[in-house]
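Now for the letters of each chain:
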Amino acid sequence: MLFRRLLLSTLFVLVAAGVGAQTVPDPARATEEARQRMTPLLDAMRIPALLEIIQREGLKHAEDLEADMFPGRGGTQWPQMVAQIYGPARAQGIMLDELAADLEPWHIDPLMDFFESELGARIVSLEISAREAMIDPSVETASNEFLDGMRAGGAGRLDLLEAFVTINDLIDMNVTGALNANYAFYSGLNNAGAFDRFLGEEDMLREVWSQEADIRDETDLWVHSYLALAYQPLTDAELEKYIAMSETESGKALNTYLFAAFDEVFQTLSYDLGMAAARFMSGEDL
């Protein structure tokens, strides 16, 4: 059973039209002018840095996949293939096309105003640092324990964190995104002939949905632990400003289309990862 935590920091989360909505990126969706207009916003949100962290997460995840699915057969080629699949430039290209095609131009200026402000830049830096730190299992454990302490003590900050989670629909969006990515992974395995028989869509959907409860529990814990860690240095007033930005028309639009863009990225990467894993499972010469 595959579970790939696909949480992306704060507004950088996943949404999907429905499990099984496998799509092929269409680079013709966005004009070059739209891409140029969108690029400074991606830079202000430090999307390139986030994608580098995601590549590192992908490589760590690939170690577990090898151990579970083709132990000892990956050699040096498996991590090399995974690094290429999760290449930040490739992922950024998909994201840029998706966001440039979907986010209306008039939303960009207010978003730039926020993310280029002192507070906005600091928030993004905190998000990136926390995301990177939690690659280390010991940091994730410590963050979980910190959250437990906050809950035991009835910390008022929990109300603000819960408001942020609710406004941005972080749990449901991430659960749906993880299920979609898992379906894409199974599709890649299936299409590459990894199973004894070719699985129908119903078979794969049944397997993916059987994971929903476990994914939801893990996601709920990770989301709250991550936010507690990332926003610990912020005052309540600063966090309230971030929440207020999330509730604006531009903030909601960014949230929606970032969800969609990251979903496109992770469905693509997960499908390719399944195709690659199938080659090692079959013992195919590489």
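Chemist: What am I meant to see in the overall build of the protein here?
Modeler: Within the protein, the regular secondary structure consists of 13 helices and 0 strands. Order of helices (α) and strands (β) in the protein, N terminus to C terminus: α-α-α-α-α-α-α-α-α-α-α-α-α. Across the protein, the fraction of contacts at a sequence separation of at least 24, relative to all contacts at a separation of at least 6, is 87%. If you sum the accessible surface of the protein, you get close to 12,500 Å²; carbon and sulfur atoms cover 51% of it.

Chemist: Explain the packing of aromatic side chains here, please?
Modeler: A ring pair, where both rings are aromatic, is described by two values, the distance of the centres and the angle of the planes. Per the counting criterion, the structure on display carries 11 aromatic pairs. Ring geometry for Phe70 against Phe280: centres 5.2 Å apart, planes inclined by 15°, an arrangement best described as stacked. On the criterion of sequence distance, the pair formed by Phe70 in the loop between helix 2 (47-69) and helix 3 (77-85) and Phe280 in helix 13 (residues 249-281) is long-range, its members being 210 residues apart. Among the residues examined, Phe70 registers a relative accessible area of 0% and is labelled buried.

Chemist: Sorry if this is basic, but what is going on with the nonpolar core here?
Modeler: What tends to happen in soluble globular proteins is that the nonpolar side chains get buried as a cluster. Trp78, Phe115 and Tyr231 are the most contacted members of the largest nonpolar core, which has 85 residues in total. Broken down by element, the residue count for this core peaks at 13 residues, all from helix 13. Ignoring anything within four residues of it in the chain, the contact list for Trp78 reads Ala62, Leu65, Glu66, Phe70, Leu273, Ala276, Ala277 and Phe280.

Chemist: How should the confidence of the model for the protein be read in this particular structure?
Modeler: Any segment with low pLDDT has predicted coordinates that should not be analysed in fine detail. Of all residues in the protein, 89% have pLDDT values of 70 or greater, and the mean over the chain is 88. Note on residues 1-25: pLDDT is under 50 here. Beyond four places in sequence and across chains, it has 111 contacts.

Chemist: Whenever I open this one, the pattern of salt bridges confuses me. Can you help?
Modeler: Here the idea is simple: oppositely charged side chains can pair when their charged atoms come close. Throughout the structure, instances matching the rule amount to 14 salt bridges. Among the ionic pairs, Arg122 bridges to Glu238, the shortest N-O distance being 2.4 Å. Of this pair, Arg122 sits in helix 6 (residues 118-133) while Glu238 sits in helix 12 (residues 236-246); the two residues are 116 residues apart in sequence, bridging distant segments of the chain. We classify Arg122 as partly exposed; its relative accessible area is 26%. Across the salt bridge formed by Arg197 and Asp203, the nearest N and O atoms sit 3.3 Å from each other. The exposure class assigned to Asp203 is partly exposed, which follows from its relative accessible area of 24%.

Chemist: Could you clarify how one ought to interpret the packing of helix 7 (residues 137-153) against helix 11 (residues 212-230) in this entry?
Modeler: Look at helix 7 against helix 11: their axes get within 9 Å of each other, and the N-to-C directions meet at 85°. Accordingly, the angle class assigned to the pair helix 7 and helix 11 is roughly perpendicular. Here Val139, Glu140, Ser143, Asn144, Phe146, Leu147, Met150 and Arg151 of helix 7 come into contact with helix 11, specifically with Asp220, Leu221, Trp222, His224, Ser225, Tyr226, Ala228 and Leu229. Across the contact of helix 7 with helix 11, the residue classes tally to 9 nonpolar, 4 polar and 3 charged.

Chemist: Could you clarify how one ought to interpret unusual backbone geometry in this entry?
Modeler: Both trends apply: most residues other than glycine have a negative phi, and most peptide bonds are in trans. Of note in the backbone geometry, Arg46 takes a positive phi value of approximately 60° without being a glycine. The class for Arg46 is partly exposed, based on a relative accessible area of 33%. The backbone of Asp169 shows a phi angle near 50°, a positive value even though the residue is not glycine. For Asp169, a relative accessible area of 31% translates into the label partly exposed.

Chemist: Looking at this structure, I do not really get helix 6. What am I missing?
Modeler: Residues spaced three or four apart along an α-helix point in a common direction, a consequence of the helix completing one turn every 3.6 residues. Given a rise of 1.5 Å per residue, 16 residues ought to cover 22 Å, and the 22 Å separating the end C-alpha atoms of helix 6 matches this to within 8%. Taken together, the buried positions of helix 6 are Leu119, Gly120, Ile123, Val124, Leu126, Glu127, Ile128, Ala130 and Arg131. For helix 6, the secondary structure elements touched by its buried residues are helix 1 (32-44), helix 2, helix 5 (108-115), helix 11 and helix 12.

Chemist: Explain the environment of Ala192 to me, please; I cannot follow it from the model alone.
Modeler: Secondary-structure assignment places Ala192 in the loop between helix 9 (170-191) and helix 10 (201-209). The exposure class of Ala192 is partly exposed, given its relative accessible area of 35%. Placed 87 residues apart in sequence, Ala192 and Arg279 show a C-alpha to C-alpha distance of 7.5 Å. Once residues lying within four places of it in the same chain are set aside, the contact partners of Ala192 are Met275 and Ala278.

Analysis parameters
All residue numbers refer to positions counted from 1 along the written sequence of the respective chain. Whole-chain, interface and lining totals are the exception, using all residues; otherwise, since this is a predicted model, local features are given only for residues with pLDDT of at least 70 and side-chain atom pairs are given and counted only at 80 or more. Only hydrogens and water are removed before side-chain values are computed, so all heavy atoms of the structure are retained for them. For helices the rule is a DSSP run of H or I covering at least 4 residues; for strands it is a run of E covering at least 2, with both sets numbered from the N terminus onward. Note on definitions: a residue-residue contact is assigned when non-hydrogen atoms from the two residues lie within 4.5 Å. Surface accessibility in these figures is a Shrake-Rupley result with a 1.4 Å probe; residues are shielded only by whichever protein chains are displayed. Ring pairs are drawn from Phe, Tyr and Trp, using the six-membered ring of Trp, whenever the two centres fall within 6.5 Å, and their geometry is named by plane angle: stacked under 30 degrees, edge-to-face over 60, tilted for the rest. Burial classes follow relative accessibility: with a 1.4 Å probe on protein chains only, a residue under 20% of its type's maximum area counts as buried, one over 50% as exposed, and anything between as partly exposed. By nonpolar core we mean a set of buried residues, namely Ala, Val, Leu, Ile, Met, Phe, Trp, Tyr and Cys, connected to one another through side-chain atoms within 4.5 Å. Scored from 0 to 100, pLDDT reflects the predictor's confidence in each residue. The salt bridge criterion pairs a side-chain nitrogen of Lys or Arg with a carboxyl oxygen of Asp or Glu, the two atoms within 4 Å. Here, axes are lines fitted to C-alpha atoms. For helices the fit covers the stretch in contact, and angles between N-to-C directions go from 0 to 180 degrees. Throughout this description, any angle smaller than 35 degrees is read as roughly parallel, any larger than 145 degrees as roughly antiparallel, any in the 65 to 115 degree range as roughly perpendicular, and the remainder as oblique. Only Asp, Glu, Lys and Arg are considered charged, only Ala, Val, Leu, Ile, Met, Phe, Trp, Tyr, Cys and Pro nonpolar, and every remaining residue, Gly among them, polar. Helices are assigned an expected span. That span is 1.5 Å times one less than the residue count.

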